[in-house]
Amino acid sequence: MMRESLLYKLHSHGKQPGVVADPNRFREKYTSKYGKCRVFKVLSVSAESKKWVADPKNKKCDAPGSWFCPGQYPPGMQKILKEKRD
């Protein structure tokens, strides 16, 4: 079960035999000297999602101009989020 999770695949990508992140969706961009921090670029993000995220009306902040703005997902992610298991 754990081996199927995205977190496991990103954490163990290239470190554990046979574990790789989907190369069509993720590219490793940075790994710290001792491998404690890794950054992956998310590939194939639609222009529609990028536009939605950039629109200030889609940010839910404490107050106007506040630094605390909890994230929310673009409409295109709703199908995927409905399939998730906590």
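Refer to the structure printed above.
Residues numbered from 1 in each chain as written. Predicted model: local features only at pLDDT ≥ 70, side-chain atom pairs only at ≥ 80, totals over all residues. Heavy atoms only, no water.

The subject of this paragraph is the side chain of arginine 38. Within the element layout of this structure, arginine 38 appears in strand β2 (residues 38–42). Within the local environment of arginine 38, its side chain forms a polar contact with the backbone oxygen of leucine 10, the two atoms lying 3.3 Å apart. At 3.2 Å, the side chain of arginine 38 forms a polar contact with the side chain of glutamate 28. Dropping the residues within four chain positions of it, arginine 38 is found in contact with Leu10, His11, Ser12, His13, Lys15, Glu28, Tyr30 and Thr31. (Helix = DSSP H or I, 4+ residues; strand = E, 2+ residues; numbered from the N terminus. Polar contact = N/O pair within 3.5 Å; in protein donor to acceptor, adjacent residues only side chain to side chain. Contact = heavy atoms within 4.5 Å.)

So, on to the environment of glycine 18. Turning to its location among the elements, glycine 18 is positioned in the loop between α1 (6–12) and β1 (26–31). Residue glycine 18 is classed as exposed on the basis of its relative accessible area, which comes to 76%. C-alpha separation for the pair glycine 18 and glycine 65, spaced 47 residues apart in sequence, amounts to 46 Å. (Buried < 20%, exposed > 50% of the residue type's maximum accessible area, 1.4 Å probe, protein only.)

Bringing the pattern of salt bridges into the picture now. Applying the stated criterion across every chain yields a total of two salt bridges. As a salt-bridge pair, aspartate 22 and arginine 25 come within 3.6 Å of each other at their nearest N and O atoms. On the basis of relative accessible area, aspartate 22 is assigned to the partly exposed category, the value being 33%. Arginine 38 is the salt-bridge partner of glutamate 28, the closest N and O atoms lying 3.2 Å from each other. Placement of the pair is glutamate 28 in strand β1 and arginine 38 in strand β2, with a sequence separation of ten residues. Glutamate 28 sits in the partly exposed class, given a relative accessible area of 30%. (Salt bridge = Lys/Arg side-chain N within 4 Å of Asp/Glu carboxyl O.)

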